[in-house]
Amino acid sequence: MAITNPSDNPDAFLAALHATDWSAFEPARDLPPLRTALTRLEQASGITEAHRFATERVKELGAVLRHPDGHPAELSGHALSPCGRYLAIGSWCGDDYDRGGVLQVWELASGRCVNVLDAIMGGVGWPGYRRTLQWSADGQRLALAYNTNGVGAWDAFAEGSDPLGEAYVTDGGSRPPGFAFAPDGTRAYIATGSPREVQGCVAPLAEGEVFWDYGEDETDLGVVLLAEPLPETVKALLGGDELFLREAFWSRDGRRLYGHARGWVCALDASDGRVLWFAEAGVGSDAPAWSRDERYFAHQLRGQLLIGDAMTGWTVAKLPGHPGASELSWGVQGAVTRLAVVVPEGNDAHARPHVTVYDQGRHRYDLDLALLRSDPETDGEAWAWSPDGLHAAALTAGGQVEVWNLADTPGRIGAVEATADARGVLWGADGVIVTVGAAGLRFFQAATGLITGDFAFLRTPPGPRPLELDGEDVGEEVRDEEGASIDPTFALDDETWAVAFEPGPVIAPPDRAHALNGALAWTVERRFGWPTRWGGLDVAPDAATAAERFGPPLEEYLERFRGHTPQADAAWPPPNTATLEDLFQLALTSVTPLHGGWDHHVSQNLRHAARLRARLGQAAGARPLLDAIPSPAEQVRGRADVAMILAAAGRRDEARTFFDGDEAQAEAVLDEYNGAFVASSVAGAYAAMGDPRAEAWFGRARAAIEPETNPGEHRLAVAWALLECGREQEARALLLEGTGAPSTFYSVPLLAYLILTRRDHLARELIPLRDPSAEEWQPQGWFDGWEAVEVFTRLGRPDLVREWARVYGDGYAYEDQLAQAETNARRDPSRARPGEGELVALADAYATLLKTPRTQREHPTGLLVVQAAECGHVAAALDLIARLPEDDFNGRASQAFRALWITATGLDVEPW
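Calculation notes
Residues numbered from 1 in each chain as written. Predicted model: local features only at pLDDT ≥ 70, side-chain atom pairs only at ≥ 80, totals over all residues. Heavy atoms only, no water. Pairing = 2+ DSSP bridges. Helix = DSSP H or I, 4+ residues; strand = E, 2+ residues; numbered from the N terminus. Axes fitted to C-alpha atoms, helices over the stretch in contact; angles between N-to-C directions. Polar contact = N/O pair within 3.5 Å; in protein donor to acceptor, adjacent residues only side chain to side chain. Contact = heavy atoms within 4.5 Å. Disulfide = S-S within 2.5 Å. Buried < 20%, exposed > 50% of the residue type's maximum accessible area, 1.4 Å probe, protein only. Parallel < 35°, antiparallel > 145°, perpendicular 65-115°, else oblique. Left-handed = near helix turned anticlockwise from the far one by under 90°. Nonpolar A, V, L, I, M, F, W, Y, C, P; charged D, E, K, R; others polar.

A. Representation of the sheet that holds strand S29 (residues 400–405) in the model. Spatially, the four strands line up as an open sheet ordered S27-S28-S29-S30, and their pairing is antiparallel. Edge strands, defined here as strands with exactly one partner in the open sheet, are strand S27 (383–385) and strand S30 (411–417). Direction aside, neighbouring strands of the sheet carry axes that sit 20° apart on average. Relative to S29, strand S28 (residues 391–395) runs antiparallel, the two sharing five bridges. Each residue of the ladder has a partner; that of Ala392, found in S29, is Trp404.

B. Inspection of the side chain of His354 at higher detail. Considering the arrangement of structural elements, one finds His354 in strand S25 (residues 354–359). One polar contact links the side chain of His354 to the main-chain carbonyl oxygen of Arg352, over a distance of 2.8 Å. Beyond its immediate sequence surroundings of up to four residues, His354 is in contact with His322, Val341, Val342, Val343, Leu367 and Leu369.

C. Molecular detail of the state of the cysteines. For the structure shown, the criterion picks out zero disulfides. The thiol of Cys83 is not disulfide-bonded; the next cysteine sulfur, from Cys113, is found 16 Å away.

D. Examining the sheet that holds strand S32 (residues 432–437) more closely. Strands sit in the order S31-S32-S33-S34 across an open sheet of four strands; the sheet is antiparallel. The open sheet has two free edges, formed respectively by strand S31 (422–427) and strand S34 (451–456), since each of these has just one partner strand. Strand-to-strand twist of the sheet, defined as the mean angle between neighbouring strand axes without regard to direction, takes the value 15°. As judged from the five bridges shared by S31 and S32, these two strands associate in the antiparallel manner. Note that in S32 the partner of Ala422 across the bridge is Gly437.

E. Structural context of unusual backbone geometry. Note that the residue after Pro552, namely Pro553, is joined by a cis bond; omega there is 5°. Mapped onto the secondary structure, Pro553 falls in the loop between helix H5 (543–549) and helix H6 (555–558). At the junction of Trp572 and Pro573, the peptide bond is cis and its omega measures out at 5° in the coordinates. Note that Pro573 resides in the loop between H6 and helix H7 (580–590). Positive phi, normally seen in glycine, also occurs at Arg131, with a value near 55°. Inspection of the secondary structure puts Arg131 in the loop between strand S5 (112–120) and strand S6 (133–135). With a relative accessible area of 19%, Arg131 lands in the buried category. Positive phi, normally seen in glycine, also occurs at Asp430, with a value near 60°. According to the relative accessible area criterion, Asp430 is exposed, its value standing at 58%.

F. Spotlight on the packing of helix H14 (residues 694–703) against helix H15 (residues 711–724). The interhelical angle for the contact between H14 and H15, taken along N-to-C directions, is 155°, at an axis separation of 9 Å. Between H14 and H15, the angle falls in the class roughly antiparallel. When the axes of H14 and H15 are compared, the crossing they make is left-handed. Along the contact surface, H14 presents Phe698, Ala701 and Arg702, while H15 presents Val718, Ala721 and Leu722. Class assignment of the residues belonging to the contact of H14 with H15 gives a composition of five nonpolar, no polar and one charged.

G. Looking closely at the pairing of S29. Counting the residues between successive antiparallel strands, the hairpin from S28 to S29 contains four residues, one of them, Gly399, with a positive phi of roughly 90°. Looking at chain direction, S29 and S30 are connected through six bridges and run antiparallel. Opposite Glu402, over in S30, you have Ala415 as the bridge partner. Hairpin remark: S29 followed by S30, antiparallel, with five residues in the connecting loop.

So this is what it looks like as structure tokens:
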């Protein structure tokens, strides 16, 4: 397609567009010049018929409408493509690990998102890790560290979220491995352990999955170990027999690996790991930085700035050091290699902030600039050279991006405000500069300062989303041709939800429709952005109107909204009409969807809930809880526990309906690990019911305490059974004879149990444990932590707070807790709860929750559940718990049991 200057003759240009053979249109070849020509025409004549005609043709070629939203968490990494035309950004997962994070590809020329790879398992990278996102040399593929310890490769411009190839070679590492993507985009060096002296391997990423650990034959899987042994001189310098590179870089010719670790820098032969050279280097912010042409590396060491030859490792220039420098940034101006040394505002050395520029190792000038101090744990940098090396963009500590001319006489030529959270700046192709923040991007033209794209992520406008039905957002059901989720809902601004369907229809409030052009773009081949303002958008004000107006392919999907009226958010908190019984029922039903991997947690919590029922005198309510326990041993133990509590309360006949004395049931579930648990419960039940078999079972329980690796937990189980059946002196002796303090996970419930059952004297004896042979008491650390003070405070026991302070109070400010304990002691249990102030606090916390991105609400929702339960608002707690994930014990089930414990006992600990 021949492009002339359309502003010379707009009518002739429109005629040429009509005469064009659009079937021969090739986007990679024809779209950029056509877009440029139409931009010039718009500048001269506004939006014309030519814009509208071209837009319709582009849409007919398969363009889809794309919005820029969807990240579940803050950005965890970014990388500019080698050509400088595309920016890849990735986010970590939010609350849902399996739902994953999002990888987006942005075109700098249009300042728009052109492709989205959603549901990256476990998210892209990991907070606090750099270079977890890398491009292949041809700019076609992206490699990611993801799913905790995996490395995978994706086609940057394809559909779907599945990697082309992936490798797991860390033997179950708990964090992303360092890696270097090969220039050919088919493999990666991955820094991990190996049986060889040069740690790490080269794993294939072209297709399929590779799962390899150190004991397998790597050749069968295509994994290549770096097998060349280390020279003895290198071993001597390392002080060991292994070389492990955390950060590595693959040379563009594919022959070398450059890297640094532990204060050393080296070059390796990429085929076998042979050490080509090895040298001492700086660490942290003084670590080596490699020039773009791979001729040099620079680092600071012992007060000097050193420039080394990347082919030999030899130092070719020694320059004065720059204390407090945070970045060493390389640029290229023709044949001249340039280096900028950034000493930022607030540097560790308290040095004057500035930027020093060197050309070929020769000092050129110092710039009086106070730049943002870059975070070494992110990809963001405060200095970015232009591709031609004649200019640079500098992200200042004051929140601006300054554009500098760095020819013979340096000078500032412009400045643009950065996004509020900006932590890095990039200079791409065609004079486009990008600032990258934790949750935002801004694109602008270096020459004019014109902002061409401005985006904020993680916004949560108030009110329901446009595609919500009965509290569920059915927009998440939308899928692309590959079956991947393409949730069309996005935040247009801080106050407005909108919807953009890929075929083109949009849902947005009429008064905000004008803002859509700044957010949306038509995208072609997932590479090129096309302005929506050139052709207009079909916008409906709500889903019901959309159901009436929009036809195929959305007609069937939108049918459910026909006649639908969005409901306004109900007042919150709801009326407090729920009871403790409702919490018991929710706790029971919450464990039903959980898979067998949660059996241990489910069994323990159901057993505690059944014991709580028995202690409240609700024996009938304990039975369904016990029946739901999946572990046979825990079920036997739970039935014995309930029988023990009932019998100790004088209800022996009822107790026998739970445990009838059949020893065969207990014998069948005993093993080497649960002996103390099961035997103590059986013994306690026998003792409470006056059965002489109790002695033999207590003997078995005592004998099973010490052999186990965790005797503290066993000792407490046996002591609880002794206390519960009335044998307090034996329990006391058993507790006092233990060595070392048990974990607070078990000791705090014991403390709460002692106070709630009016055994203060025993609690006092354990604060601290006394050594009879010592002249003075010596704390043993059972309740030395702040958890004990929380128990005393919530239960309104200022006397115990003072007792604790007498032993452990040094270094703690406990006066507020003492005052609160006194207040709680005076609280009238008959007064209405929650009080007016507590209701206001709940409403405020809920309003804050609604402003939190949905993908990050799980933890704050759990905190609000606790707040609601603590102030006695059971209905609010139930409402919140129902919003939590049901397929993970740590979601709905965990919070249901916590709310139950708090409501029933006043304490956020399991009830004994």
